[in-house]
Amino acid sequence: MSLAIPFKYKPGTHFVYNNVGPYLAGILVQRRSGCDLVSYLTPRLFSKIGIKRPTWETDPLGNSFGAGGLFLTLSELHKFGLFYLNKGKWNGKQILSEKWIEESTKAADVGYYGYLFWRGEYNSFRADGKYIPDFYDPAEEKSSRFVCFRMPQGRRTSEDSL
């Protein structure tokens, strides 16, 4: 059904936020690997950075929702943030290529979005989503979003601090 959604604009001409691409990419990984995304990523990524087995939201057919819905504890999110700050290295071992880390967090089609990472001021990036609550501040008459993590690029935090 997702492949039947028509393009409103010619590809590459407009930024249109949607979850279809990452969702379909997740489906392809699951079909090719023969397992869900958690089972696929746990030995390749999560366990290598000290994340045991996270929960990942699934669709009605049981497929992991590759566009989001990954539930991490605060300490797991901290580890993931340190992993990104250290450009894909953990305990001295390169787990994801530095090039991928840089590519996934730089601005893509627009200046404020990368590969599922929102770009912020001071060359920062963050991952947040539908389960991050909005808070209304009556003094300022506006809502603000509590962000899971926000990491300025270039600032490294020692992995020894864990």
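Remember, predicted model here, so these are calculated numbers, not experimental data. What you see as residue numbers is a count from 1 along each chain, following the sequence as written. A pLDDT threshold of at least 70 governs which residues receive local features in this predicted model, and a stricter bar of 80 or more applies before side-chain atom pairs are shown or counted, although totals over entire chains, interfaces and linings include all residues. Hydrogen atoms and water are omitted, and side-chain values are computed over all heavy atoms in the structure.

Caption draft 1: Main features of the overall build of the protein chain. Numbering of helices and strands runs from the N terminus, with a helix taken as a DSSP run of H or I at least four residues long and a strand as a DSSP run of E at least two residues long. Scanning the protein chain for helices and strands turns up four helices and nine strands. Taken from the N to the C terminus, the helices and strands of the protein chain come in the order α-α-β-β-α-β-β-α-β-β-β-β-β. Think of it in three bands: with a 1.4 Å probe and only protein chains considered, a residue is buried below 20% of the maximum accessible area for its type, exposed above 50%, and partly exposed in between. Among the 162 residues that make up the protein chain, the fraction classed as buried is 30%. Across the protein chain, contacts joining residues at least 24 apart in sequence account for 43% of those joining residues at least 6 apart. Here the accessible surface of atoms and residues is derived via Shrake-Rupley with a 1.4 Å probe, and residues count as covered only by protein chains that are part of the display. Split by element, the accessible area of the protein chain, about 10900 Å² in all, is 56% carbon and sulfur. Whether two residues touch is decided by their heavy atoms; if any such pair falls within 4.5 Å, the residues are in contact.

Caption draft 2: Spotlight on the packing of aromatic side chains. Note on aromatic contacts: the rings of Phe and Tyr and the six-membered ring of Trp form a pair at centre separations within 6.5 Å, being stacked when their planes are under 30 degrees apart, edge-to-face when over 60 apart, and tilted otherwise. Scanning the model with the defined rule gives eight aromatic pairs in all. Both rings, one in F83 and one in Y84, keep their centres 6.2 Å apart while their planes meet at 75°; by these two values the pair is edge-to-face. One aromatic cluster is present, built from ring pairs that chain together F15, Y17, Y112 and Y113. To sit over a ring, a charge needs its Lys NZ or Arg CZ within 6 Å of the ring centre and within 35 degrees of the ring normal. Over the face of the ring belonging to Y40 we find R44, whose NZ or CZ atom lies 3.9 Å from the ring centre.

Caption draft 3: Quick look at unusual backbone geometry. We note that K87 has phi near 55°; this positive angle belongs to a residue other than glycine. Structurally, K87 is set in the loop between α3 (74-85) and β3 (89-90). On the accessibility criterion, K87 (17% relative accessible area) is buried. A positive phi angle, close to 50°, is found at N91, a residue other than glycine. As for its placement among the helices and strands, N91 is situated in the loop between β3 and β4 (93-94).

Caption draft 4: Quick peek at the environment of T55. As for its placement among the helices and strands, T55 is situated in strand β1 (residues 55-56). Between the alpha carbons of T55 and L70 there is a distance of 6.1 Å; along the sequence they are 15 residues apart. Discounting residues that sit within four places of it in the chain, T55 has contacts with G69, L70 and F71.

Caption draft 5: Quick peek at the pattern of salt bridges. One side-chain nitrogen of Lys or Arg within 4 Å of one carboxyl oxygen of Asp or Glu is enough to make a salt bridge. This structure, assessed with the given rule, holds three salt bridges. K106 is paired through a salt bridge with E103; the nearest N and O atoms lie 3.2 Å apart. Among the residues examined, E103 registers a relative accessible area of 27% and is labelled partly exposed.

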